[in-house]
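# Structural overview for review
Okay, here's what each chain looks like letter by letter:
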Amino acid sequence: MTWSEVFELLTGGLQETVWMVGVSALLTAVGGLLVGVLLVLTDAGRLRPLNVVLGAIVNVGRSLPFIILLVAVIPFTRAVVGTTIGTDAAIVPLTIGAIPFFARIVESALREVPPDVVAAATAMGATRRQIVGKVLLREALPALVAGLTITVIALVGYSAMAGVVGGGGLGDLAIRYGYQRFETEVMIATVVALVVFVQLVQMVGDFLVRRLSHR
Amino acid sequence: MIEIRGLRKTYRSRKGSVAAVDGVDLRVGEGEVFGVLGQSGAGKSTLLRCVNMLERPDAGTVSVGGLEMTRLRRGQLRLARHGIGMIHQHFALLSSRTVAGNVAFALEVTGAPRAGRKQRVAELLEMVGLTGRAEAYPAQLSGGQKQRVGIARALAARPKVLLSDEATSALDPETTESILRLLHDLNQRLGLTILLITHEMTVVKRICTSAAVMRDGRFVESGTITELLRTPGSELARGLFPLDGPTEVAGATVVDVTVSGPEAEAPIIAELARRFASDVRILGGSVERLAATRAGRWRIALPGAPDDNREALKFLSERGVVS
Ligand SMILES: Nc1ncnc2c1ncn2[C@@H]1O[C@H](COP(=O)(O)OP(=O)(O)O)[C@@H](O)[C@H]1O
Ligand SMILES: [Mg+2]
């Protein structure tokens, strides 16, 4: 296999990885924020039972190894995407696996906002919506971005596993060419591409956190 | 302006229950500065947080500006809170917003029209002496400056009442002075009613017109500063003017004399010496300016036994408090 062939495989795989990770990261960001905020809001008061149920569901999601989740949600994936093979199909288990992970990060980031600050806003007569939007989420934003960076990197790792079930992407390449056909160049190229990609994600994340944080 | 009756708040936990506020009555008139003094754990913060319903009292009533706070529904409570400013020991500013942004937050919360906000922010920053720091973030400010932001924010909605939870406790003595001067100034200029809690006697000395001492959830004494200075054995009076001379002198009667108001300026000791005991000795004491009044307190030694000084003691009791 020539280097230009390797390069072609690589760009294809990279594109697929970026697509899978990008879409599932976006869905995870929305879903995780929602669940995380709910976990914090329902912690005390009348909605406490909801908190217990939600927490239990999140814990189940967190305790399943991704490879098992991948297989377990196959019927659901088929119902949603229409197929169980390919990058689009992989997005479903990736998102389901990452939401609980990110939700817990969101929850702990929101809890880091000093209670004093929340009390001050309440004392000013802020509505609950204002407290969530303008105080909790805004004050926790640097921590949320840092947490999302960690989640995206975890998704890159999960997405490589999705290759096992024909999910495509860099992981798929590494398994099909590097492992099954002993194409060492492809293996090395994939590893390098993954390392560079993760570094890049981390750098962008760190940069944003630095820009957003005024502590 | 603030009227509290029979207030009780108990915290229950697995380890047992703590009666944080255990039957407090309190009246703060319009334009008054009322200080609640007490050690950590006395229940001061809980008391203050019951005024704007950050804590729900278990029993008793709290009315602010004639509005019964315990009976308000959620929406009404939010509106009532717009009329009650609050400042905090650790400032409680939004770290993600600039100084101007923090003040603007208070205006956003009260739904002030967008158009006038910028000007009102500038006005408030000028009021607290922070013009020029509008674009700084809290992390770039000193403690005193942060508290000034806190004060500007608390005043954004033009409240009648300000609650202060240990607002100067995290500050050094000089900064404390400047913040107290600002609060005193705002009290005078805006007619702001202030209910503050503190564990520092200086705060009471500098700005309070009335005060209470709180211990284990109760007020052990309470009244205007002038009244308290006239009350024999008052802890606050003793705290405001610590006396450190000897309490016993051989062959003499040692008494503590507290006078307030115009009497504090009068040459009482000189008159005493002239009329009764030429050998009267001052063991300790001072005359000081309080927010509400001037007051003096001395420990003096009169030669001879108490019985020999009956006339002198009578003279002193007519002028002030002798203990
Ligand atoms: N949220 C709470 N839960 C349980 N106990 C509390 C809570 N807040 C205060 N307390 C207890 O109530 C008592 C009074 O506390 P606080 O009002 O903060 O006193 P202070 O402000 O005078 O230091 C303390 O014993 C404290 O431990
Ligand atoms: Mg306190």
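Residue indices begin from 1 for each chain and proceed along its sequence in written order. For naming, the first written chain is A and the first written ligand is 1, with later ones following in the order written. The model is predicted, so local features are restricted to residues of pLDDT at least 70 and side-chain atom pairs to those at 80 or more, both for listing and for counting; the totals for chains, interfaces and linings are taken over all residues. Based on all heavy atoms of the structure, the side-chain values leave hydrogens and waters out of the count.

Right, let's get into the UniProt feature "transmembrane region" (unreviewed entry) in chain A. All names here are of chain A. UniProt positions are given in the numbering used here, feature names are shortened, and annotations may be inferred rather than shown by experiment. Under the feature "transmembrane region" (unreviewed entry), the UniProt entry names residues 20-41, 53-74, 80-103, 143-166 and 186-209. A run of H or I in DSSP becomes a helix once it reaches four residues, and a run of E becomes a strand once it reaches two; helices and strands are each numbered from the N terminus. Structurally, residues 53-74 comprises 86% helix and 0% strand, and the distance from its first C-alpha atom to its last is 24 Å. When the span residues 186-209 is considered, its composition is 100% helix and 0% strand, and the gap between its end C-alpha atoms is 34 Å.

Now for the UniProt feature "domain: ABC transporter" (unreviewed entry) in chain B. As recorded in UniProt, the feature "domain: ABC transporter" (unreviewed entry) lies at residues 2-241 of chain B. Summarising residues 2-241 of chain B: 38% helix, 28% strand, and an end-to-end C-alpha distance of 29 Å.

With that settled, consider the pairing of strand β4 (residues 59-64) of chain B. On a regular strand, each side chain points to the face opposite its neighbour's, so the side chains alternate between the two faces of the sheet. Residues and elements named next belong to chain B. The pairing of strand β1 (residues 2-13) with β4 spans five bridges and is antiparallel. Within the sheet, the bridge partner assigned to R5 lies in β4 and is T61. Two strands are counted as paired when DSSP detects at least two bridges linking them. In terms of strand pairing, β4 meets strand β5 (residues 67-68) through two bridges, oriented antiparallel. Of the residues in β5, the one forming a bridge with V64 is L67. What sits between the antiparallel neighbours β4 and β5 is a turn of two residues, in which G65 has the positive phi angle 60 degrees.

Residue and element names in this part refer to chain B. We call a set of buried Ala, Val, Leu, Ile, Met, Phe, Trp, Tyr and Cys residues a nonpolar core when their side-chain atoms join them within 4.5 Å. Only protein chains enter the area calculation, which uses a 1.4 Å probe; residues under 20% of their type maximum are buried, those over 50% are exposed, and those in between are partly exposed. The biggest cluster of nonpolar side chains holds 75 residues, and the ones touching the most others in it are I151, L183, V204 and L229. For the purposes of this description, domain bounds are those given by an automatic or database domain assignment. Taken domain by domain, the makeup of this core includes at least three residues from each of domain 1 (2-229) and domain 2 (241-322). By definition in these notes, contact holds between two residues if any of their heavy atoms fall within 4.5 Å. If sequence neighbours within four positions are ignored, L229 has contacts with A237, L240, F241, T258, S260, L290, T293, A295 and V321. L47, L77, M86 and M214 belong to the second-largest nonpolar core, a separate cluster that totals 33 residues.

Now for the side chain of H88 of chain B. By secondary structure assignment, the location of H88 of chain B is in strand β6 (residues 84-88). Judged by its relative accessible area of 6%, H88 of chain B falls in the buried class. Not counting chain neighbours up to four residues away, the residues in contact with H88 of chain B comprise D116 and A120 of chain A together with Q147, R153, D165 and A167 of chain B.

In this complex, chain B contributes 25 residues to the contact, which on the side of chain A involves 19 residues. Note on definitions: buried area is the accessible-area loss of two parts on being combined, 1.4 Å probe, summed for both. Regarding the contact of chain B and chain A, the summed buried area is about 2,000 Å², with carbon and sulfur atoms giving 58% of it. Taken as a group, S95, S96 and F105 of chain B account for 25% of the area that chain B buries against chain A, more than any other trio of residues on that side. What counts as a salt bridge is simple: a side-chain nitrogen of Lys or Arg found within 4 Å of a carboxyl oxygen of Asp or Glu. Applying the counting rule to chain B against chain A returns one salt bridge. Measuring nitrogen to oxygen at the nearest pair gives 2.4 Å for the salt bridge that ties K134 of chain A to E108 of chain B. In the analysis that follows, any N or O atom pair within 3.5 Å is treated as a polar contact, provided that within protein one partner can donate a hydrogen and the other can accept it, and provided that, for residues neighboring in sequence, both atoms belong to side chains. Where chain B meets chain A, there are four residue pairs in polar contact (both at pLDDT 80 or more).

Looking now at the site of ligand 1. Residue and element names in this part refer to chain B. The rule for a residue being near a molecule or strand is that one of its heavy atoms must lie within 4 Å of it. Around ligand 1, the structure places Y11, V18, A20, Q39, S40, G41, A42, G43, K44, S45 and T46. Here an oxygen atom of ligand 1 sits 2.6 Å away from a polar atom, N or O, in the main chain of G41. One of the side-chain N or O atoms of S45 is found 2.7 Å from an oxygen atom in ligand 1. Of all elements in the fold, only β2 (16-28) and α1 (44-51) reach the threshold of two or more residues within the shell around ligand 1. Broken down by element, the residue count for the shell around ligand 1 peaks at three residues, all from α1. Gly falls in the polar group here, along with every residue not listed as nonpolar (Ala, Val, Leu, Ile, Met, Phe, Trp, Tyr, Cys, Pro) or charged (Asp, Glu, Lys, Arg). Of the residues contributing to the shell around ligand 1, the split by class is four nonpolar, six polar and one charged.

Here we come to the sheet that holds strand β11 (residues 252-260) of chain B. All names here are of chain B. Across the sheet, four strands lie side by side as β12-β13-β11-β14; this open sheet has antiparallel pairing. Pairing within the sheet leaves two strands with one partner each, and these edge strands are β12 (281-289) and β14 (321-322). The pairing of β11 with β14 spans two bridges and is antiparallel. Across the sheet, T258 pairs through a bridge with V321, a residue of β14. Helix axes are fitted only over the stretch in contact, all axes being lines through C-alpha atoms; the angle between N-to-C directions runs from 0 to 180 degrees. Sitting on the sheet, helix α10 (residues 268-275) touches β11, β12 and β13 (294-303), and the angle it makes with β13 is about 25 degrees. Across the sheet, helix α11 (residues 310-319) is in contact with β11, β13 and β14; its angle to β11 comes to roughly 20 degrees.

This paragraph deals with the sheet that holds β5 of chain B. Residues and elements named next belong to chain B. Taken together, the four strands give an open sheet; going across it, the order is β2-β1-β4-β5, and neighbouring strands pair in antiparallel fashion. The open sheet has two edge strands with one neighbour each: β2 and β5. Packing against the sheet, α1 makes contact with β1, β2 and β4, and its axis sits at approximately 120 degrees to β1.

Stacked, edge-to-face and tilted labels apply to pairs of Phe, Tyr and Trp rings (six-membered ring for Trp) whose centres lie within 6.5 Å, assigned for plane angles under 30 degrees, over 60, and everything in between, in that order. One pass over the full model with this rule turns up two aromatic pairs over all chains. Ring plane angle 5 degrees and centroid distance 4.4 Å describe the contact between F66 of chain A and Y158 of chain A, whose orientation is recorded as stacked. Here Y158 of chain A lies in helix α7 (residues 128-162) and F66 of chain A lies in helix α3 (residues 66-72), a separation of 92 residues in the sequence. A residue is classified by how much of its surface remains accessible, and Y158 of chain A, at 21% relative accessible area, is partly exposed. The interplanar angle of 45 degrees and the centroid separation of 5.5 Å between the aromatic rings of F276 of chain B and F315 of chain B together place this pair among those described as tilted. Here F315 of chain B lies in helix α11 and F276 of chain B lies in the loop between α10 and β12, a separation of 39 residues in the sequence. A relative accessible area of 31% means that F276 of chain B is categorised as partly exposed. Criterion for a charge above a ring: Lys NZ or Arg CZ within 6 Å of the ring centre, and within 35 degrees of the ring normal. The lysine or arginine in question, R181 of chain A, covers the ring of Y177 of chain A, its NZ or CZ lying 4.3 Å from the ring centre. Positioned above the aromatic ring of F241 of chain B is the side chain of K205 of chain B, whose terminal nitrogen or guanidinium carbon lies 5.8 Å from the ring centre.

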